[in-house]
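Report on the structure
If you want the building blocks of each chain, they are given just below.
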Amino acid sequence: MTHLAHNSLLGLDRGELVSLVERIGEPTYRAQQLLDAIYRKRVESIDQVSTLPQPLRVKLMGEGCSISPPAVEKRFVSKDGTVRYLIAFPDGQSVETVWMPEGDGGEAGDGTEAGDSSQNGSRGWDRATICVSSQVGCAVDCQFCLTALLGVKRNLTAGEIVGQVLRVLTDQNVSPPQDRVNLAFMGMGEPFLNYDNFMKAVRLLVEEVGIAESRMTVSTAGIVPRIHDFGLEVIRPKLAISLNASNDETRTRLMPINRKWSLDSLIAAARDFPLRNRERITFEYVLLNGVNDDTTNAEEVVALLRGLRSKVNLIALNPGPGIDFSIPAADRVSAFQNVLIKSGIPTFVRRPRGRDIFAACGQLKRTVEIATSPIP
Ligand code: SAH
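What counts, and where the lines are drawn
- Residues numbered from 1 in each chain as written.
- Predicted model: local features only at pLDDT ≥ 70, side-chain atom pairs only at ≥ 80, totals over all residues.
- Heavy atoms only, no water.
- Helix = DSSP H or I, 4+ residues; strand = E, 2+ residues; numbered from the N terminus.
- Buried < 20%, exposed > 50% of the residue type's maximum accessible area, 1.4 Å probe, protein only.
- Polar contact = N/O pair within 3.5 Å; in protein donor to acceptor, adjacent residues only side chain to side chain.
- Contact = heavy atoms within 4.5 Å.
- Core = buried A, V, L, I, M, F, W, Y, C linked by side-chain atoms within 4.5 Å.
- Domains from an automatic or database assignment.
- Disulfide = S-S within 2.5 Å.
- Pairing = 2+ DSSP bridges.
- Axes fitted to C-alpha atoms, helices over the stretch in contact; angles between N-to-C directions.
- Near = heavy atom within 4 Å.
- Areas by Shrake-Rupley, 256 points an atom, 1.4 Å probe, with all protein chains shown as cover.
- Nonpolar A, V, L, I, M, F, W, Y, C, P; charged D, E, K, R; others polar.
- Salt bridge = Lys/Arg side-chain N within 4 Å of Asp/Glu carboxyl O.

Time to look at the side chain of Thr347. Along the chain, Thr347 falls in strand S12 (residues 347-349). For Thr347, a relative accessible area of 4% translates into the label buried. Within the local environment of Thr347, its side chain forms a polar contact with the backbone oxygen of Ile345, the two atoms lying 2.8 Å apart. With residues near it in sequence (within four places) discarded, Thr347 still touches Val312, Leu314, Gln337, Leu340 and Ile341.

Another point: the nonpolar core. Grouped together as the largest cluster of nonpolar side chains are 114 residues, with contacts concentrated most on Leu183, Phe185 and Phe283. A per-element tally of this core places helix H5 (residues 195-209) first, with nine residues. In terms of domain composition, this core takes at least three residues from each of domain 1 (5-62) and domain 2 (71-369). If near-sequence neighbours (up to four positions away) are discounted, Phe283 is found in contact with Ile241, Leu243, Ile267, Ala270, Leu305, Leu308, Ser310, Lys311, Val312 and Asn313.

Our next topic: the side chain of Glu160. For Glu160, the location among the structural elements is in helix H4 (residues 158-172). In this structure the side chain of Glu160 is engaged in a polar contact, spanning 2.9 Å, whose partner is the side chain of Arg154. Apart from residues no more than four positions distant in its own chain, Glu160 is found in contact with Phe89, Arg154 and Asn155.

This part is about the state of the cysteines. Going through the model one piece at a time under the given rule, you end up with zero disulfides. Left unpaired, Cys138 is separated from the closest cysteine sulfur, that of Cys142, by 6.6 Å. The thiol of Cys142 is not disulfide-bonded; the next cysteine sulfur, from Cys145, is found 6.3 Å away. Note on Cys142: relative accessible area 12%, which makes it buried.

Moving on: the sheet that holds S12. Strands belonging to one sheet form pairs held by backbone hydrogen bonds; the direction of such a pair is parallel or antiparallel. Pairing is mixed in the open sheet, where 10 strands are placed in the order S1-S2-S3-S4-S7-S8-S9-S10-S11-S12. Looking at which strands have only one partner, the edges of the open sheet turn out to be strand S1 (71-77) and S12. Going from strand to strand, the sheet's axes swing by 20° on average, the running direction of each strand aside. Where S1 lies against strand S2 (residues 83-88), six bridges are found, and the strand directions are antiparallel. Bridging from a neighbouring strand, Val77 pairs with Val83 of S2. Here helix H10 (residues 330-342) sits on the sheet in contact with strand S10 (281-287), strand S11 (310-316) and S12, set at roughly 165° to S12.

What follows covers the site of the ligand. Around the ligand, the surrounding shell holds 19 residues, and the nearest of these are Phe144, Ser219, Ser242, Asn318 and Gly362. In this structure, an oxygen atom belonging to the ligand sits 2.6 Å away from a side-chain N or O atom of Ser242. Protein chains shield 95% of the accessible area of the ligand, which is 550 Å² for the free molecule. Mapped by element, the contributors of at least two residues to the shell around the ligand are strand S8 (216-220), S10 and S11. Classifying every residue of the shell around the ligand by side-chain character gives nine nonpolar, eight polar and two charged.

On to the pattern of salt bridges. Counted under the stated rule, the structure contains 21 salt bridges. In this structure, Glu26 and Lys59 form a salt bridge, with 2.9 Å as the shortest nitrogen-oxygen distance. Placement of the pair is Glu26 in the loop between helix H1 (14-23) and helix H2 (29-40) and Lys59 in helix H3 (residues 54-62), with a sequence separation of 33 residues. Judged by its relative accessible area of 18%, Glu26 falls in the buried class. Since its relative accessible area comes to 32%, Lys59 is described here as partly exposed. The partner of Arg276 in a salt bridge is Glu213, and the shortest N-O contact between them spans 3.4 Å. Pair noted here: Arg276 is in the loop between helix H8 (263-272) and S10 and Glu213 is in the loop between H5 and S8, with a separation of 63 residues, a long-range link. According to the relative accessible area criterion, Glu213 is partly exposed, its value standing at 24%. Several salt bridges share partner residues, and in doing so they unite Glu26, Arg30 and Lys59 into one network.

What follows is the structure in structure tokens.
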């Protein structure tokens, strides 16, 4: 427990809760009651864990234990139904977490916040994706991404990663597995530079919150040694790799991390990656006008991915203050897509979500700072 801020129980796994209850002389089944309360019922203070006898609640609080989920500091609702949350932790740091409803009526505005029926249909969506952050800021410094302008402030703990998900589920009044919720670890930060906390959060979300690993995807900028480690995990989300360029020269310019792990080593790691039945690696590619969006670049991508079980998500640049690139014209995007499709690579153009509220890919940056800092 020593490394846990404020003795927060949110973030502890079964083994850790068992040791805790044993240490204070309680029977092991109390750990299960705590797991249910924290992760399934989303009880927010020990006071309110009604399955525990009152004296035990007092005892736990006396030990300095708390649940303390993070708070919603701000909430922005897009006209496409996307909600961007600014989620704050007790030390004053905050991250952004995005709720993206999809399907029937998912575009109908902020209707998702109303209603209390357990039927998704009546809320106007049939599935939703939560985009989750892994660090406060990011150290990777991709030239097209707003989060990079923050630098990295700190890693999130496993409890803080899980806490974002629980906070949004509660705010939206939904509960997996009955409600179809997908997780994308594609918010602020580089998950593979906070690997252990990220993986612990994944296991808690699968085992205790009840979200299937097949509904989760993690995206990495290409931390090659961690891609190898990730392939060995028993429980793991699907893998997405931010490719973003078709040759080393351009990739190094856009993503300085390419100096450390070049395309060769990145693609080799992808080729070694042990895929499951019918699983593919997703490659994300942000299209920057006149920089990496030519059909000759598309042909280079085809050559890189030849023989890999992959699919490609193309993302036209989401613009932002201080980002020195422009959006490619629609016909360039489809020409690029066609080259890949003709070569047999399933290729999709990702529809931007919540651009109007700065919730789209590459636009996550603490709102407070957007509002107060001058454009660099
Ligand atoms: N650090 C991880 C997780 C963040 S995912 C990673 O890099 O993969 C962020 C995704 O958004 C990446 O695929 C990136 O290519 C994309 N992206 C970043 N900035 C963008 C922008 N301005 N417009 C469109 N997509 C962007």
